[in-house]
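Listed below, chain by chain, are the residues.
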Amino acid sequence: MSERALHPDTLAVHLGLEPDGVTGAIAPPIHLSTTFERAADGSYPLGYVYSRSANPTRDALERALALLHGAPAAAVFASGSAAASAVFRSLPAGSHVVVPRDMYHGVRVLLREVLAPAGLRLSEVDQRDLGAIEAALGERTRLVWIETPSNPMLHVTDVEGVVALARRHADRLLAAGALTPDERVLVALDATWTPPTWADPVALGVDLAVHATTKYLAGHSDVLGGAVIEARPSEAFARVRALQQVEGAVPSPFECWLTLRGLRTLPHRLRAQAANAGAVARFLAQHPAVAAVHYPGLTEHPGSEVAARQMRAAGGMLAFQLAGGEVAAMRVAAAVRLWRRGTSLGGVESLIEHRASVEPEGTATPRDLLRLSLGIEHADDLIDDLAQALERGAQA
Ligand SMILES: *Cc1c(COP(=O)(O)O)cnc(C)c1O
């Protein structure tokens, strides 16, 4: 073997998994045991004690996720929301965090209704604007949370720009004595919409990357999960690990195994999904019933240049607005035959969703907007189905 790093396609298939030492099985076993035997001298010779703290199948998934990211470590959780919650709760008491105004509504609900009442201070800003982020940074700011492209408006945030702001701010606070030398102003990226190989959180300089593995990483709409990736060594990750082990909001061994299996085809799925998203975005952009298409792979998208710099492909999610308003949007969603009407994303099957009606009352999501998650079907079939749905839906 040469010194050259393996291509992502090859890495994803192998991901550090050796054949099982006991049986030679090439597919990894699922270790259901919650408890592990102590030696006569009271020690734990193989390192495992109790599955809330560590489990061999969960370890295999964490190792695979760390390898896939070229990162030191990963901690997996029972859902993406549990992973996000652990990051926010790892911060010192009284911390202030800067979060995007357009973001996954579940994490926004977690922040507003659970964490803010418990003392976390929040600023919600338009993260397309680095100036707005900078203006929100304060003495107690300990984290900037980024989601890009955002859900559901596909806003693009300049990740490296945010990292530079956070580092400068930390230097200022340190000089003013408002930050102790072991404290940081962290940057966490909700990378659910940009798994490897679409983006590389380590190279972008963030401290933590968070995934709902439920989506692209597992990839088959059949298992919930979340992960926190330690992109750069930090005390915060050690506290995330402690929360994981002490609270036990962890995926079961079978869920870890399903996610691990999904990872093996990740690069292939992502290539198909990005190609389909581009083809569907171009089709929609020229359709008379469509008022706007939000996809960073279109050159007319205001975030396309930043997206091209920080993403290897423009992703598999897009949103579009109907010239005929909410009525037309609901009709188009009702008229699809191949696309599945449903929430979530990142699976092999293409999904269409009227986003405003699944989000809480008062959401800023436009009511004429449909969100698409591209699967791995053939683009021609997806476009034909959308064409017939648009033709029927746009008729008053
Ligand atoms: C789905 C999703 C989450 C939450 O993940 P769950 O596994 O549903 O808890 C967080 N962020 C983004 C961007 C998501 O799409």
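Nothing here was measured: the structure is a model prediction, and the numbers come from that model.

> Just checking my understanding: could you explain the sheet that holds strand E2 (residues 96-100) for this structure?
In any sheet, the strands associate via hydrogen bonds between backbone groups, in a parallel or an antiparallel arrangement. The sheet built from seven strands is open, its strands ordered E1-E7-E6-E5-E4-E2-E3 with mixed pairing. The open sheet is flanked by strand E1 (73-77) and strand E3 (121-125), the only strands paired with a single partner. Across the sheet, the mean angle separating the axes of adjacent strands is 20 degrees when strand polarity is ignored. As paired elements, strand E4 (residues 141-147) and strand E5 (residues 186-190) share five bridges and run parallel to each other. Across the sheet, the residue bridging to Leu143 is Leu186, located in E5. Packed onto the sheet, helix H3 (residues 80-89) meets E1, E2, E4, E5, strand E6 (208-212) and strand E7 (226-230) and runs at close to 155 degrees relative to E6. Contacts from helix H8 (residues 235-247) reach E1, E5, E6 and E7 within the one sheet, and its direction differs from that of E1 by about 35 degrees.

> Any chance you could explain the packing of aromatic side chains here in plain terms?
Remark: the centre distance and the inter-plane angle together describe each pair of aromatic rings, the angle taken between the planes. The tally for this structure, following the rule as stated, stands at four aromatic pairs. Residues Phe88 and Trp145 carry aromatic rings whose centres are separated by 4.6 Å and whose planes lie at 35 degrees to one another, so their mutual orientation is tilted. Pair noted here: Phe88 is in helix H3 and Trp145 is in strand E4, with a separation of 57 residues, a long-range link. Taking the relative accessible area as the measure of exposure, Trp145 reaches 0% and is therefore buried. On the basis of an interplanar angle of 10 degrees and a centroid distance of 6.3 Å, the ring pair of Phe254 and Trp257 is categorised as stacked. On the criterion of helical spacing, the pair formed by Phe254 and Trp257 is a turn pair, its members being three residues apart in helix H9 (residues 253-263). Using a relative accessible area of 44% as the deciding quantity, one classes Phe254 as partly exposed. Classification of Trp257 as buried rests on a relative accessible area of 18%. The ring of Tyr104 has Lys215 sitting right over it, with the charged end atom 5.1 Å from the ring centre.

Definitions and limits used
Residues numbered from 1 in each chain as written. Predicted model: local features only at pLDDT ≥ 70, side-chain atom pairs only at ≥ 80, totals over all residues. Heavy atoms only, no water. Pairing = 2+ DSSP bridges. Helix = DSSP H or I, 4+ residues; strand = E, 2+ residues; numbered from the N terminus. Axes fitted to C-alpha atoms, helices over the stretch in contact; angles between N-to-C directions. Contact = heavy atoms within 4.5 Å. Phe/Tyr/Trp six-rings, centres within 6.5 Å; stacked < 30°, edge-to-face > 60°. Buried < 20%, exposed > 50% of the residue type's maximum accessible area, 1.4 Å probe, protein only. Lys NZ or Arg CZ within 6 Å of the ring centre and 35° of its normal.

Read these as spatial facts, not as claims about activity.
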